[in-house]
Amino acid sequence: MEDSYSTSMQVRGIYAQGTVPREDELPEDYGLRCVSKDQIMCRRRMNTPPIDFDETQDCDGMMGDFERAMFVIEHGLVGSVFFHSDLEEHDIDNEESSEADDDRIYEERAVLLQSLEHYEMFLEDENMSQYFRQDNFEVFDRQSMARLEKEDDKFIGSRYERHRPELLDILRNPRFGEQIIVSGLQASQICIGDIFEVEAGKSTLRLEVTSPRTVCAWVDKRVASPYGLKGIKRYCNKRGLGGWFARVLTSGELRHGMKLIRTSRPHPKWNLEYISFAMLGEGPTRYLASAWTYWVREKGELEELVNLKQLGNFEWKDEATWMLNHFDQYERTRETLSENSKSILFPVSQLMQHPSLQHVTSMFRSFSSKAIHRRSNGTIRDRETRGEKVNMSEHDA
């Protein structure tokens with residue numbers, strides 16, 4: 001394992017949208033309960049040209065055998081639209097959303113990356129390894145991937161020999177919906193605001209890290225892990241292992257085997273592991289199980305986090321700002337609740353403004369018959385009208 005000052009990572013896989021098996025059998029507005037694991041975050045590994053392939057000298061028309069993986073500002077990978085840059089998935093495609101909000105979502109979450117080091121950690125963990133065994137389905141044309149498989153086998157044989165079969169399978173069938181899998185760096189070595197460029201000027205592409213990726217229940221379903229505290233969602237969110245988002249600063253092409261070199265590191269304290277544990281690793285059990293943000297540290301550190309210019313808004317700066325604005329209430333609840341408490345009291349009018357709950361409410365509607373905003377003694381709106389408080393332990397996680 002490289003130390004915390006490692007400066008580069010190598011591209012091991014680039015992925016476009018894949019075809020969803022049996023998609024015609026799914027209902028129009030399907031939810032988590034309706035899909036099988038092979039229908040979730042389907043990806044297809046792209047067949048990019050070799051690093052040194054010069055298409056200007058391509059007299060034999062060989063470029064037609066390859067795909068160009070072009071990443072552009074705001075959108076990310078050309079030719080594909082992913083869940084993290086789909087406005088409807090972010091629940092902001094409504095009358096109240098502004099054009100600036102729409103642009104913000106695309107810009108800060110244009111690319112989702114994951115690392116082989118993270119996958120290796122899952123495979124080394126006795127509780128998590130069972131969820132990353134080889135998939136029993138294929139999502140790509142094996143014949144067109146023969147060259148890439150040969151290169152990967154050589155790479156994994158020298159670096160990750162212990163888990164070669166599983167990692168080869170992961171490079172074919174990524175589990176987190178990522179567009180890029182790299183090797184060389186892990187969560188504790190990647191910081192908010194880090195800028196990466198392609199080595200030796202082989203591409204103009206420049207990426208800036210904006211936030212960890214918050215894992216949701218769809219990943220639990222994708223790898224067949226349990227929901228809640230014992231699932232992969234909780235395991236990843238606490239440690240920052242779900243991958244990370246980056247904005248595209250300069251458009252450019254990416255190919256398998258290229259190296260991304262870190263050229264700027266403005267916030268060395270705020271690595272993915274640190275920020276993930278600070279916001280998703282401490283607090284009442286109900287918050288931890290549901291991946292709702294909570295803050296138990298000093299106010300000054302929360303202010304420092306909110307002021308990180310490069311930090312992504314969605315799921316991170318928005319929620320940190322909300323917690324900062326309600327810091328006094330967090331202080332009062334921390335005086336009366338133990339770290340393992342399953343409940344916390346907030347006025348309903350404030351609780352439902354928490355970005356975590358705004359995001360998950362629509363998700364629960366799609367796959368749970370007990371939506372988070374409905375209770376037998378009245379809806380949230382009814383109880384808010386009566387000026388009541390709501391106990392978090394009442395809600396369905």
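Everything below is about the structure printed above this text.
Just so it is clear, the structure is predicted and the values come from calculations on it, not from any experiment.

A. Representation of unusual backbone geometry within the structure. In this structure, Ala224 is a non-glycine residue whose phi angle is positive, near 60 degrees. By the element assignment, Ala224 lies in the loop between helix 5 (217–223) and helix 6 (232–239).

B. Representation of the sheet that holds strand 4 (residues 76–77). An order of 4-3-10 is seen for the three strands of this open sheet, with the pairing classed as antiparallel. The open sheet is flanked by strand 4 and strand 10 (252–254), the only strands paired with a single partner. Sheet analysis places strand 3 (residues 69–72) next to strand 10, joined by three bridges and oriented antiparallel. From the neighbouring strand, Met70 faces strand 10, where its bridge partner is Glu253.

C. Highlighting the side chain of His118. Here His118 lies in helix 2 (residues 116–124). Of note is the side chain of His118, whose polar atom sits 2.6 Å from the side chain of Gln114. Excluding its chain neighbours within four sequence positions, the residues that come into contact with His118 are Gln186, Ala187, Gly240, Leu241, Gly243 and Trp244.

D. Just the packing of helix 9 (residues 299–306) against helix 10 (residues 313–325), in detail. Where helix 9 contacts helix 10, the two axes come as close as 9 Å, and the packing angle between them is 145 degrees. The element helix 9 and its partner helix 10 pack so that their crossing is left-handed. Between helix 9 and helix 10, the contacting residues are Lys299, Leu302, Glu303, Leu305 and Val306 on the first element and Lys317, Ala320, Thr321, Met323 and Leu324 on the second. For the contact of helix 9 with helix 10, the class distribution of residues is six nonpolar, one polar and three charged.

E. Seen up close, the packing of aromatic side chains. On inspection of all chains with the given rule, the structure shows eleven aromatic pairs. An aromatic cluster is present here, built from Tyr119, Phe122, Phe132, Phe176 and Tyr235 joined pairwise through their rings. Over the ring of Tyr235 we find Arg239; its NZ or CZ atom is 4.0 Å from the centre of that ring. Positioned above the aromatic ring of Tyr274 is the side chain of Arg297, whose terminal nitrogen or guanidinium carbon lies 5.0 Å from the ring centre.

F. Structural detail: the environment of Arg43. Among the structural elements, Arg43 can be located in strand 2 (residues 43–45). Residues Arg43 and Phe82, 39 residues apart in the sequence, show an inter-C-alpha distance of 10.0 Å. Within polar-contact distance, the side chain of Arg43 engages the backbone oxygen of Gly177 at 3.1 Å.

The rules behind each value
Per chain, residue numbering runs from 1 following the sequence as it is written. Residues qualify for local features only when their pLDDT is at least 70, as the model is predicted, and side-chain atom pairs are given and counted only at 80 or more; totals for whole chains, interfaces and linings, by contrast, use all residues. Values reported for side chains reflect all heavy atoms of the structure, with hydrogen atoms and water molecules removed beforehand. Put simply, DSSP marks the helices as runs of H or I at least four residues long and the strands as runs of E at least two long, and each gets a number from the N terminus on. When DSSP finds two or more bridges between two strands, those strands count as paired. By the criterion applied in these results, polar contacts are pairs of N or O atoms within 3.5 Å in which, for protein atoms, one can donate a hydrogen and the other can accept it, and in which residues neighboring in sequence qualify only through two side-chain atoms. Contacts are assigned to residue pairs that have any heavy atoms within 4.5 Å of one another. The convention used is that axes are lines fitted to C-alpha atoms, helices contributing only their stretch in contact, and that angles between N-to-C directions extend from 0 to 180 degrees. The crossing is said to be left-handed when, going from far helix to near helix, the turn is anticlockwise and less than a right angle, and right-handed when the turn is clockwise. Three classes are used, and their members are as follows: Ala, Val, Leu, Ile, Met, Phe, Trp, Tyr, Cys and Pro are nonpolar, Asp, Glu, Lys and Arg are charged, and the others, Gly among them, are polar. Stacked, edge-to-face and tilted labels apply to pairs of Phe, Tyr and Trp rings (six-membered ring for Trp) whose centres lie within 6.5 Å, assigned for plane angles under 30 degrees, over 60, and everything in between, in that order. Placement of a positive charge over a ring is assigned whenever Lys NZ or Arg CZ falls within 6 Å of the ring centre and within 35 degrees of the normal to the ring plane.

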